[in-house]
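# Reading the structure
Here's the letter readout for the chains.
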Amino acid sequence: MQIKDKFFAENPQEIAQKVIEAADEGFGIVPCGKGTNIEKYLASANKPVVMISTERMDSIQEFERDNLSVKVQAGITLAQLQKELHEHDVFLPLTVESHGRRTIGGLIAENEAGYEEYAYGKIQDYVLGLEFVTPYGEIVKTGGKTVKNVSGYDFTRLFANSLGTLGIITSITLKLRPEVEKRAAVILEVPSLKEASEISKKIIQEKLVTVTLKGYKDHENDKWRLIIGLAGFKETVKHHLQKIKKVLGSLNYSELDQAEVNGFWKEYYQKFPIYEDNNIVGMGDKRVLFKIAESCEKNNLFSQVAFSEVDFGAGKLIIKTPKETKETIKESLLAYNQEKFNFSFNFQKPQPGLIYKKIKTALDPNNLMFPNNRLTGGEYLG
Amino acid sequence: MDNKELKKKIRECNRCGFCQDVCPTYRYTKNEAAVARGRVRLARLISEGKYKWGEEDEITEHIKTCLLCRACVVNCPSSVITDEIMMKAREEINFAKGFNLFHKLLYRGFLSHQERLKVAGMLARFYDRSGARWIVRNSGVLNTFRKLKNMENILPMGLKPPLRSQLPEILKQVNKPKFRIGYFAGCATNTFFSDIGKAALLYLQHRGCQVEVPEIQCCGGPHKSAGDMEEAKRLAKENIVTFLKGDYDYIISDCATCGSTLKEYEELFKNDLQMKEKAQQFSEKILDLNKFIADYLPPDEDLKALDKKVTYHDPCHLVRGLEVTAEPRELLKRIPGVEFREMREADWCCGGAGSYCFTQQEMSAKILEGKIDNFIETGAEILATSCPACTMQLSAGLRKKSVKAKVKHPVQLLAESVGLV
Amino acid sequence: MLDKHLLVKLKSIVGKEDILTSKISREVYAYDSSPFIHEPEAVVFPETTAEVAEILKLSEAYSIPVVPRGAGTCLSGGAVSLYGGISLVLTKMDKILDIDTVNETALVETGVTNLNLQKAVEPLGFMFAPDPASQKAATIGGNVAECAGGIRGVKYGVTKDHVLGLEVVLPGGEIVTTGALASGYGFIPDLTGIFSGSEGTFGIITKILVKLTVMPETMRTMMAVFDSLDKAGEAVSAIIAKGIVPTTLEIMDKSMIRAVDDFLKLGFPRDAEAVLLLEVDGYEVEIDRQVDVIEEIFREKKASSVQSAKDRTEREKLWLARRSGNGALGRIKPAYMVQDITVPRHRLPQMLRFVSDISKKYDITIAQMAHAGDGNLHPHLLYDPDDPEEFERVEEASHEIFETALKMDGTLTGEHGIGLEKLPFMKLQFSEKDISFMKRVKKALDTNLNLNKGKVLEL
Ligand SMILES: Cc1cc2nc3c(=O)[nH]c(=O)nc-3n(C[C@H](O)[C@H](O)[C@H](O)COP(=O)(O)OP(=O)(O)OC[C@H]3O[C@@H](n4cnc5c(N)ncnc54)[C@H](O)[C@@H]3O)c2cc1C
Ligand code: SF4
Ligand code: SF4
């Protein structure tokens, strides 16, 4: 592997220029924000690469509060942006605690979500417009500033989870939400994961202003806990806390106010960094997740792991395990994936589908963009 | 409607497609030609000169498969009068091509002549009682006349003597009557469903109305739908004269089709200086039987419990013609012991649509089947409705699916509850 | 007419019941709800995904254009067969396959109508949030293909915000899945998004996994009358700025109000320049306070009257005016052209004003209504089809409206699509590079350009 160059761009034109130059040389092109995590991936690159960083493109270009929109350069970090938005009583529902230091461009490339994903979805749901540089070095715009827009094709979501393989995002217009009036949470220790999943099912049925619904466990403390987060108008949050209490019956719980909720998540993500190679991540149909959670517990799978999180709201499972046990655990998890439901629950390193292949081939015939990550590496694009 | 007016009305359709949701013929064909938007479009192509009336059989066919149920009309944001456009179209087609044999036989032969209909009724009765029905059905004689075969499936079973022949026993003098009623005993009630008429007459008298049943002509409804305006007018004229002579407070009909047709006499003669005023006087007095009972008579006090689960089918001509929907339901709910269950799509056409069940058998059967399925879903044992044509069609549908349930007019249940029948 | 062999093969795929080729059937599939009319050569009704795939393979083999069609309520000409070929009518694929209350999703075939989906999920306490005015007829597939918006859009967003996954048949006949229906969901690019608003040019959508939304506990409907369009527009901005997210925020201008009032005799004040129709929904405990804040804003902005619906019937009455708009306009002029420009929300008052001025400039009647909470305007430019000179002015006015909306960072169309109608104006909004990128993606998926060619892009 060779990193030929790491280029810190100041504007889209420079990026376009750099892309053209790199392509002429036949070098791979790797877009990055800070790029701290990326270099190690490049170890196995099959050709020399040029890294193009948007780190220095970190300004807020247009903030139109009355339109509930903000246009930013791709290199701005989430924390930077949220701070500004906070002052104006609006927010992007992607929580800083887990992703604060990452750039917006990078968050889109991996289509990230925060701990309130259950209610607010992923970052792709907030992209109104994009500007990007294509693998041919053209600067292209899609979408715009309006919440409704069907003019021409909509490529605002094309880059979500594209992992930098389709182009380099330079600027993004995001849809914002008015800040919620009140947040609160209930947290409790549950006797077993089964209990947590039973309670979660009931909470879902209650149709409350639930924004988080997660069970988690760490190796220090061999107990499962469940956190139920609420956000909304103050009357409603108060009322729904009552309803949750009813569901919990005689179980002991503690209630967190807004400040405590923030504190909780800060600590949570310090303790459990969710981006680690050895994590097993699965997501998809919640019905499968409920089953997996229960069966894993029955088979004592979770006793060997360092940390696990079951997001009953968003339908996601994260297991942090020592390298040695990763494969065996994964094997047993895959067994539950045979369930015939309408949509699947996935663990595998999946193959991107045919549509991606067709588009990728047309946009980047020489496979220059991020040539060896999990989408473009290997046999797949052949 | 003249041609200029027709063209204008046709153009009011802006092709929004909303009629797809309510048009029964579209539901079962999923064919754009069999929904108001398509039918009006075809009429437009003709009115703009691309084709001629009657020239394209396919167009004629799509115009004829319209039930004239008006579901599209009342749901149309632009208030396009598809039913009237279709009637006008049929008139034009008839004009261009002449009437077909079946039409002549049925409409001008039978329905226009009370005497002949009486004979038909008698024949039918004989045929029903004598066992000829069984022989005919099994020997396949009727197969040669496909249309007639379906007619024989739809004709009601167990016919009673016509209403008219029972009148001397039914009608009586009422003391200090509250209202003087002229009862319009339509062809179907008289010939096929004398039970409905009998219950109505007995009940009205019981509630203090003096009732007379004048000799009438067919209301002309079937002729209108077939585009035979000339005959419709001739019949209407006679009826108007007959009833105005009687000077009744109200003219009441138990038949949705008759009722709405009579109400429209006014419209029929709006350009006829001579008849206009009379028609208006006549039409003003027309009331549906349910509405009259519910709104004009004091509430019943002597109803006895009938433990029955009942649902109600809205005849097109009542729900969208005379706009009567709440009243029959109210009457049913009045009866102690009756458990009223609303039926899904209660106001969808049953596919009877006058003679449609004879002329468009396949489509009619599909629509009917959907209706009966909705009925079965309610779990009711009585399917109430207020139109003899619907009664005939629905009964046939129940028979075909071997559903043990009865079709009744709300007034029959009232009469039963009071102990009159 | 199509090649005989091809017809035989088509028949063997779908059965003879499901193919129409007569002159008259082609007439009734030549249109959608737009003014464009182009006849297909055959109308085919597939009933399964496999049939769709077989048909597309044939289309590739014979180079026959295919135009997918749902209910045909498209307002921009998307569903008409510009180059003849096959009109692929998907209304017979109309089954709701699954309603899943744990994941809060429903899996439907493309031809299910929006209203039928609503009816199916309502008893379970859910709704499908997008509710276009055409919901009685329009299909979910058509909603996705046009990225339909609805009355509830202010709070709940547009169709693409409620689609989790698709089953699609690509032009070569390959059956693929995207999003949550694809294996690898969550780890690979989710290409569901590019099909939203693709107007049937990328592939045929056969199944859709939609997100269901919890039915709000309660809702309030209000109507405020203003004596100037500006004040009404400002009230809209003030409400958004206050952090209140209404479900619905509709505006009607004087011409529209008068037409409706003449039609329905609702008794609107004759000096009413603008009417705002607003709905908020939510939980019982929170709703009254929202209503209070909104009423306060209406007072501040000097509404001449504010009405609240007390029950369902009153709500229906308030809505009647809005819903009767289109129909009522027929009383002023026999025809109209309706535009669909959208501007950033804070530009709405300015845009409304501009349109009023334009109507004076070109001496035409423009009746305005707008999904104000989304910045989506529907100016109705009225004309008499028998007066070509007036129609010309209408076209010129439209052009100017487009240009102005774009200058305000707006867009040509918020929900009706480019179709055939706005094709000539694409260049106003997009650079050559933007368009060539679109073409590249189109060709990547539809190399031989058989699928709904001539819509969205000139090819
Ligand atoms: C009176 C009226 C009111 C309307 N109100 C609204 C509104 O409030 N909001 C709004 O957004 N729109 C509205 N529309 C526009 C229209 O109803 C919507 O665009 C609707 O989503 C179209 O659905 P359809 O089933 O009729 O699709 P069609 O009109 O049949 O097709 C629309 C487009 O989608 C393509 N298509 C259809 N099905 C598929 C499929 N399965 N796969 C791929 N492509 C497909 C077609 O090729 C065509 O390009 C309105 C239209 C009318 C007439
Ligand atoms: S609902 Fe009315 S305007 Fe719309 S297509 Fe049908 S007939 Fe035409
Ligand atoms: S009258 Fe009835 S059958 Fe005829 S087009 Fe209208 S809805 Fe359809």
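Rules used in this analysis
- Residues numbered from 1 in each chain as written.
- Chains lettered and ligands numbered in written order.
- Predicted model: local features only at pLDDT ≥ 70, side-chain atom pairs only at ≥ 80, totals over all residues.
- Heavy atoms only, no water.
- Helix = DSSP H or I, 4+ residues; strand = E, 2+ residues; numbered from the N terminus.
- Buried < 20%, exposed > 50% of the residue type's maximum accessible area, 1.4 Å probe, protein only.
- Contact = heavy atoms within 4.5 Å.
- Polar contact = N/O pair within 3.5 Å; in protein donor to acceptor, adjacent residues only side chain to side chain.
- Near = heavy atom within 4 Å.
- Nonpolar A, V, L, I, M, F, W, Y, C, P; charged D, E, K, R; others polar.
- Buried area = accessible area lost by both parts, 1.4 Å probe.
- Salt bridge = Lys/Arg side-chain N within 4 Å of Asp/Glu carboxyl O.
- Pairing = 2+ DSSP bridges.
- Axes fitted to C-alpha atoms, helices over the stretch in contact; angles between N-to-C directions.
- Areas by Shrake-Rupley, 256 points an atom, 1.4 Å probe, with all protein chains shown as cover.
- Domains from an automatic or database assignment.
- pLDDT = per-residue confidence, 0-100.
- Phe/Tyr/Trp six-rings, centres within 6.5 Å; stacked < 30°, edge-to-face > 60°.
- Lys NZ or Arg CZ within 6 Å of the ring centre and 35° of its normal.

The topology assignment puts N67(A) in the loop between β4 (60–64) and β5 (69–73). Given a relative accessible area of 2%, N67(A) falls into the buried group. N67(A) sits 80 residues away from V147(A) along the chain, and the two C-alpha atoms are 9.0 Å apart. Each residue touching N67(A), except ones within four places of it in the same chain, is listed here: K145(A), P344(C), R345(C) and H346(C). Within the structure, the side chain of N67(A) is placed 2.6 Å from the backbone nitrogen of R345(C), a separation counted as a polar contact.

So, on to the site of ligand 3. All names here are of chain B. Taken together, C23, P24, T25, A36, R39, C66, L67, L68, C69, R70, A71 and C72 make up the full set of residues near ligand 3. Sorting the residues of the shell around ligand 3 by element identifies α2 (24–29), α3 (36–47) and α5 (71–75) as the ones contributing at least two each. Split into classes, the residues belonging to the shell around ligand 3 amount to nine nonpolar, one polar and two charged.

Moving on, we come to the interface of chain C and chain B. Frequently, the measure chosen for interface size is the accessible area that the parts lose on association. In this assembly, 33 residues from chain C lie in contact with 29 residues from chain B. At the boundary of chain C with chain B, total buried surface from both sides reaches about 2,300 Å², with 47% on carbon and sulfur atoms. Three residues, I24(C), Y31(C) and K136(C), lead the burial of chain C against chain B; their summed loss comes to 27% of the area buried on that side. At the boundary of chain C with chain B, the tally comes to five salt bridges. With a shortest N-O distance of 3.9 Å, E39(C) and K50(B) are connected by a salt bridge. At the junction of chain C with chain B, the criterion picks out 15 residue pairs in polar contact (both at pLDDT 80 or more). Among the elements that take part in the side of chain C that touches chain B, helix α2 (residues 23–28) of chain C stands out by supplying five residues, more than any other.

As a further point, take the sheet that holds strand β8 (residues 406–408) of chain B. As a general point, the strands of a sheet are linked pairwise by backbone hydrogen bonds and lie either parallel or antiparallel. Residues and elements named next belong to chain B. Ordered by their spatial adjacency, four strands build an open sheet running β6-β5-β7-β8, and the pairing between neighbours is parallel. Because the sheet does not close on itself, it has two edges, and the strands there are β6 (338–340) and β8. Within this sheet the neighbouring strands show an average axis-to-axis angle of 35°, counted without direction. One ladder, built from three bridges, connects strand β5 (residues 308–313) with β6; its direction is parallel. Bridging from a neighbouring strand, V310 pairs with F340 of β6. Against the sheet, helix α25 (residues 410–418) makes contact with β5, β7 (382–385) and β8, and its axis sits at roughly 95° relative to β8, the strand it touches most.

This part covers the site of ligand 1. Residues and elements named next belong to chain C. Around ligand 1, a shell composed of 34 residues is seen, among which P68, G70, T73, S134 and T139 lie nearest. At a separation of 2.6 Å, an oxygen atom of ligand 1 approaches a polar backbone atom of G70. Between ligand 1 and A133, the relevant distance is 2.9 Å, taken from an oxygen atom to a main-chain nitrogen or oxygen of the residue. Protein chains shield 96% of the accessible area of ligand 1, which is 970 Å² for the free molecule. Looking at the shell around ligand 1, the elements with two or more residues in it are β3 (66–69), α5 (140–146) and β10 (204–211). Take the shell around ligand 1: its biggest share by element is five residues, from α5. A breakdown of the residues in the shell around ligand 1 according to their chemical character gives 15 nonpolar, 15 polar and four charged. Shared between two domains, the shell around ligand 1 takes at least three residues from each, and those domains are domain 1 (4–89) and domain 2 (96–214).

All names here are of chain B. As far as domains go, chain B holds domain 1 (3–97), domain 2 (101–154), domain 3 (163–294) and domain 4 (301–417). Taken over C-alpha atoms, the centre of domain 3 sits 22 Å from the centre of domain 4. At the interface, 24 residues of domain 3 touch 25 residues of domain 4. With both sides pooled, the region where domain 3 packs onto domain 4 buries about 2,100 Å², and carbon together with sulfur makes up 71% of that total. On the domain 3 side of the interface with domain 4, the three residues burying the most area are I196, A256 and N290, jointly 26% of the side's total. Seen at the junction of domain 3 and domain 4, the total is two salt bridges.

We now examine the confidence of the model for chain B. All names here are of chain B. When the pLDDT values of chain B are averaged, the result is 87; 86% of them are 70 or greater. Across residues 126–145, confidence stays below pLDDT 50; counting only partners more than four residues off in sequence or on other chains, it has 22 contacts. The ipTM, which scores confidence in the relative placement of chains, is 0.94 for this predicted complex, and the corresponding pTM is 0.92.

Turning our eyes to something else, we now look at the packing of aromatic side chains. Tallied over the entire structure, the rule returns 30 aromatic pairs over all chains. When the ring of Y216(A) is compared with that of Y268(A), the centres are 5.1 Å apart and the planes differ by 85°; the resulting orientation is edge-to-face. Of this pair, Y216(A) sits in strand β12 (residues 210–218) while Y268(A) sits in helix α8 (residues 258–271), placing them 52 residues apart in sequence. When the ring of F195(C) is compared with that of F202(C), the centres are 6.1 Å apart and the planes differ by 90°; the resulting orientation is edge-to-face. In this structure, F195(C) and F202(C) share a single accessibility class: buried. In textbook terms, an aromatic cluster arises when at least three aromatic residues are bridged by ring pairs, as seen for F132(A), Y153(A), F155(A), F159(A), F195(C), F202(C) and F437(C). Above the plane of the ring of W348(B) lies R27(B), whose end atom (NZ or CZ) is 4.1 Å from the centre. Over the face of the ring belonging to Y83(C) we find K453(C), whose NZ or CZ atom lies 5.1 Å from the ring centre.

Evaluation of the coordinates by the stated rule reveals 86 salt bridges over all chains. Between D161(C) and K175(A) there is a salt bridge, with the nearest N and O atoms lying 3.9 Å from each other. Of this pair, D161(C) sits in the loop between α6 (153–156) and β8 (163–169) while K175(A) sits in strand β9 (residues 168–175), each in a different chain. Residue D161(C) is classed as buried on the basis of its relative accessible area, which comes to 15%. Between D98(C) and R287(A) there is a salt bridge, with the nearest N and O atoms lying 3.9 Å from each other. A residue pair is termed interchain when its members come from two chains, as with D98(C) in strand β5 (residues 96–100) and R287(A) in helix α9 (residues 286–298).

The partner chain C presents 88 residues to the 72 residues of chain A that form the contact. Together chain A and chain C conceal approximately 6,900 Å² of surface at their shared face, both sides included; 60% is due to carbon and sulfur atoms. Among the residues of chain A in contact with chain C, K148(A), V150(A) and Y153(A) are the three that bury the most area, contributing 14% of the side total. At the boundary of chain A with chain C, the tally comes to 12 salt bridges. A salt bridge links K160(C) to D154(A), with the nearest nitrogen and oxygen atoms 2.7 Å apart. For the pair chain A and chain C, the number of links is 24 residue pairs in polar contact (both at pLDDT 80 or more). The set of elements that each furnish at least two residues to the side of chain A that touches chain C consists of β4, β8 (139–143), α7 (234–248), β15 (279–284), α9 and α11 (354–363) of chain A.

By contact count, the leading pair among the two pairs of chains in contact is chains A and C. The two units chain A and chain B never meet; even their closest C-alpha atoms stay 20 Å apart.

Residue and element names in this part refer to chain A. Domain boundaries assigned for chain A yield domain 1 (1–179 + 349–382), domain 2 (180–270) and domain 3 (272–347). Look at where the C-alpha atoms of domain 2 and domain 3 centre, and you get two points 21 Å apart. Facing 21 residues of domain 2, the contacting portion of domain 3 comprises 19 residues. Together domain 2 and domain 3 conceal approximately 1,700 Å² of surface at their shared face, both sides included; 58% is due to carbon and sulfur atoms. Broken down residue by residue, the surface that domain 2 buries against domain 3 is led by L193, K217 and Y268, which jointly contribute 28%. The interface formed by domain 2 and domain 3 contains two salt bridges. Close ionic contact of K214 with D311 constitutes a salt bridge, the shortest N to O distance being 3.9 Å. Elements represented by at least two residues in the side of domain 2 that touches domain 3 include exactly α6 (193–206), β12, β13 (224–232) and α8. It is α6 that contributes the most residues to the side of domain 2 that touches domain 3, eight residues altogether. Taken together, the residues of the side of domain 2 that touches domain 3 sort by class into nine nonpolar, six polar and six charged.

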